[in-house]
Amino acid sequence: MDHTLIGIIYFIALSHGLMLAVTLLRRTTANAPSKWLTVIAFVICYKLYEGALLYTGLFEQVVHTIGLLPFMVLVVGPLIWMYVRQVTGKKPLPRLLLAANFLPAVALWLLNSPSVFRSGQDKIAGWNALLNSTTGELPVFYIALLLSIKAHLGIYLYLSWRSVSQFKAVAINLRADNSRSLLANMQFIVVAFFVLELTWVSLFAAQQLFGLGTLNSVGDIWLLFVAFMVLAIGFVGLQQPDLVFTPEECKLALQQNMSATEQSDEDSNVKYLHSALPESTSTLLSKELEEKIQQQSLYLNEKLTLTDLAKATDIKAHTLSQIINQSMQTNFYKLSMAIESNTRSS
């Protein structure tokens, strides 16, 4: 593909990415988890900026502004994980432990620092040599380094995917808002990043083993996919920037996931067979629950959660979950929608 055309595509993606990143930044409060997504968006925008300058030939005028963030994925992986950790209600990491997650990125930046502080002419010559390079063979050490970097990212993506999946499965039993939809989008981003890196590894292996294409073409394809990722990140972050599950919801999610794992082959009645709450009591409490929801107009709260409902009705959250699933034969999200619909029609 023509270099100028690729550069123009990167500039277009950069402009859209920056608009989303700035909008996300303006809507993000200091303690909101979306601050991590904002950083990711700006990091990706920087790589698009690099690509746009390199392929349009404009880098020679601002050569000292590119090449400052090598091995970007060493930063992106921990940032995604920090975002998911905060959304899913995990305790904040101590500062030293938080910083330790970025040590590989810092170490490789220091290793690469001599190239950052070269003269402008040396940098221009180096970038031109890279752009015009046709050789594809790399030293074994460098290949091992690149693959280890991708494995590093894969670990963080797996940890993020696992946390999101646990909450996605039970979100409809915890909240009445669009949390489940947002979690599904978060899961999509994590999976998309994984597929993106798997694609890079596949293209890289094909190039090194069979000589298919060049290293530059591998990088071009990878960065084009990254351009799509920044748009997806901005979209997800703007949906609900302050989404955070509470510690109590974390415990409920863990309990429900464990229960689902242990009793996946049983129906709902068998599931609660050994519960301390008799079925007759559960039925009475379900009627009381419906009345309290209508009397207090709790259905008007679009961000109503199971823990909020527990406080308003003086019924423990775990008991509420059992009532909704056992007696009402539904989930929390569908219950809130049904009561709202019935109240408006009456």
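Residues numbered from 1 in each chain as written. Predicted model: local features only at pLDDT ≥ 70, side-chain atom pairs only at ≥ 80, totals over all residues. Heavy atoms only, no water.

**Things to note about the overall build of the protein**
Consideration 1: The helix and strand inventory of the protein stands at 15 helices and 0 strands.
Consideration 2: Across the protein, the fraction of contacts at a sequence separation of at least 24, relative to all contacts at a separation of at least 6, is 76%.
Consideration 3: Accessible surface, the protein as shown: approximately 18100 Å² in total, 63% of it carbon and sulfur. (Helix = DSSP H or I, 4+ residues; strand = E, 2+ residues; numbered from the N terminus. Contact = heavy atoms within 4.5 Å. Areas by Shrake-Rupley, 256 points an atom, 1.4 Å probe, with all protein chains shown as cover.)

**Looking at the pattern of salt bridges**
Consideration 1: Across all of its chains, the model carries 2 salt bridges by this definition.
Consideration 2: Among the ionic pairs, Lys-47 bridges to Glu-50, the shortest N-O distance being 2.9 Å. Placement of the pair is Lys-47 and Glu-50 together in helix α2 (residues 34-56), with a separation of 3 residues, close to one helical turn. Glu-50 carries the same exposure label as Lys-47, and that label is buried.
Consideration 3: Its salt-bridge partner being Lys-150, residue Glu-197 comes within 2.5 Å of it at the nearest N-O pair. Here Glu-197 is found in helix α8 (residues 179-210), whereas its partner Lys-150 is found in helix α7 (residues 140-170), with 47 residues between them in sequence. (Salt bridge = Lys/Arg side-chain N within 4 Å of Asp/Glu carboxyl O. Buried < 20%, exposed > 50% of the residue type's maximum accessible area, 1.4 Å probe, protein only.)

**Considerations on the confidence of the model for the protein**
Consideration 1: Taken as a whole, the protein shows an average pLDDT of 81; of its residues, 85% reach a score of 70 or greater.
Consideration 2: Across the protein, the secondary-structure element scoring lowest on mean pLDDT is helix α11 (residues 268-271), at 46, and the one scoring highest is helix α4 (residues 95-100), at 95.
Consideration 3: Counting interchain partners and residues more than four positions distant, the pLDDT-below-50 stretch residues 268-274 has 10 contacts. (pLDDT = per-residue confidence, 0-100.)

**Examining unusual backbone geometry**
Consideration 1: With a phi close to 55°, Phe-71 is a non-glycine residue in the positive phi region.
Consideration 2: Mapped onto the elements of the fold, Phe-71 is located in the loop between α2 and α3 (73-87).

**Digging into the packing of α7 against α8**
Consideration 1: In the contact formed by α7 and α8, the axes pass within 9 Å of each other and the chain directions differ by 160°. Between α7 and α8, the angle falls in the class roughly antiparallel. Considering only the axes of α7 and α8, their crossing is left-handed.
Consideration 2: Within the contact of α7 with α8, the residues separate by chemical class into 18 nonpolar, 4 polar and 4 charged. (Axes fitted to C-alpha atoms, helices over the stretch in contact; angles between N-to-C directions. Parallel < 35°, antiparallel > 145°, perpendicular 65-115°, else oblique. Left-handed = near helix turned anticlockwise from the far one by under 90°. Nonpolar A, V, L, I, M, F, W, Y, C, P; charged D, E, K, R; others polar.)

**A word on the packing of aromatic side chains**
Consideration 1: Overall, the coordinates contain 7 aromatic pairs when judged by the stated rule.
Consideration 2: A centroid spacing of 4.6 Å and a plane angle of 40° characterise the contact between Phe-167 and Phe-245, whose relative ring orientation is tilted. A residue pair is termed long-range when its members are at least 10 positions apart, and Phe-167 in helix α7 and Phe-245 in the loop between α9 (215-239) and α10 (247-262) qualify at 78 residues.
Consideration 3: Looking at Arg-85, its charged tip hangs above the ring of Trp-81, at a distance of 5.2 Å from the centre. (Phe/Tyr/Trp six-rings, centres within 6.5 Å; stacked < 30°, edge-to-face > 60°. Lys NZ or Arg CZ within 6 Å of the ring centre and 35° of its normal.)

**Quick notes on the side chain of Lys-123**
Consideration 1: Note on placement: Lys-123 falls in helix α6 (residues 120-131).
Consideration 2: Here Lys-123 sits buried without a salt bridge, and the closest side chain of opposite charge, Glu-50, lies 9.6 Å off (N-O distance).
Consideration 3: With near-sequence residues (within four places) excluded, Lys-123 lies in contact with Val-63, His-64, Ser-115, Val-116 and Arg-118. (Lys, Arg positive; Asp, Glu negative; His and termini not counted.)

**A look at the environment of Ile-6**
Consideration 1: Along the chain, Ile-6 turns up in helix α1 (residues 3-26).
Consideration 2: Take Ile-6: its relative accessible area is 2%, and that puts it in the buried class.
Consideration 3: Residues Ile-6 and Leu-224, 218 residues apart in the sequence, show an inter-C-alpha distance of 8.6 Å.

**Regarding the environment of Leu-74**
Consideration 1: Here Leu-74 lies in helix α3.
Consideration 2: Taking C-alpha positions, Leu-74 is 9.8 Å from Tyr-156, a pair spaced 82 residues apart along the chain.
Consideration 3: Excluding its chain neighbours within four sequence positions, the residues that come into contact with Leu-74 are Pro-104, Ala-105, Leu-108, Ile-149 and His-152.

**Quick word on the nonpolar core**
Consideration 1: Of all hydrophobic cores here, the largest spans 92 residues; its most connected members are Ile-44, Leu-48, Met-186 and Phe-193.
Consideration 2: If you tally residues by element for this core, the top one is α2, at 13 residues.
Consideration 3: Leave out the neighbours within four places in its chain, and Leu-48 touches Tyr-10, Ala-13, Leu-14, Leu-223, Ala-227 and Val-230. (Core = buried A, V, L, I, M, F, W, Y, C linked by side-chain atoms within 4.5 Å.)

**Focus on the side chain of Glu-197**
Consideration 1: Among the residues examined, Glu-197 registers a relative accessible area of 5% and is labelled buried.
Consideration 2: Not counting residues up to four positions away in its chain, the partners in contact with Glu-197 are Val-73, Lys-150, Leu-153 and Trp-222.

**Looking at helix α13 (residues 306-313)**
Consideration 1: Within α13, the full set of buried residues consists of Leu-306, Thr-307, Leu-309, Ala-310 and Thr-313. Taken down its axis, α13 places every buried residue within 160° of arc, on the same side.
Consideration 2: At the C-terminal side of α13, Asp-314 shows a positive phi close to 60°. (Arc of directions from axis to C-beta.)

**Here we look at a nonpolar patch on the surface**
Consideration 1: Together, Tyr-158, Trp-161, Val-191, Phe-194, Val-195 and Leu-198 make up a nonpolar patch on the protein surface, roughly 560 Å² of accessible area in all.
Consideration 2: Elements represented by at least two residues in the nonpolar patch include exactly α7 and α8.
Consideration 3: Considering each element in turn, the nonpolar patch owes the most residues, 4 residues, to α8.
Consideration 4: Mapped onto the secondary structure, Leu-198 falls in helix α8. (Patch = residues over 30% accessible without salt bridge, like charges linked within 9 Å, V, L, I, M, F, W, Y side chains within 5 Å.)

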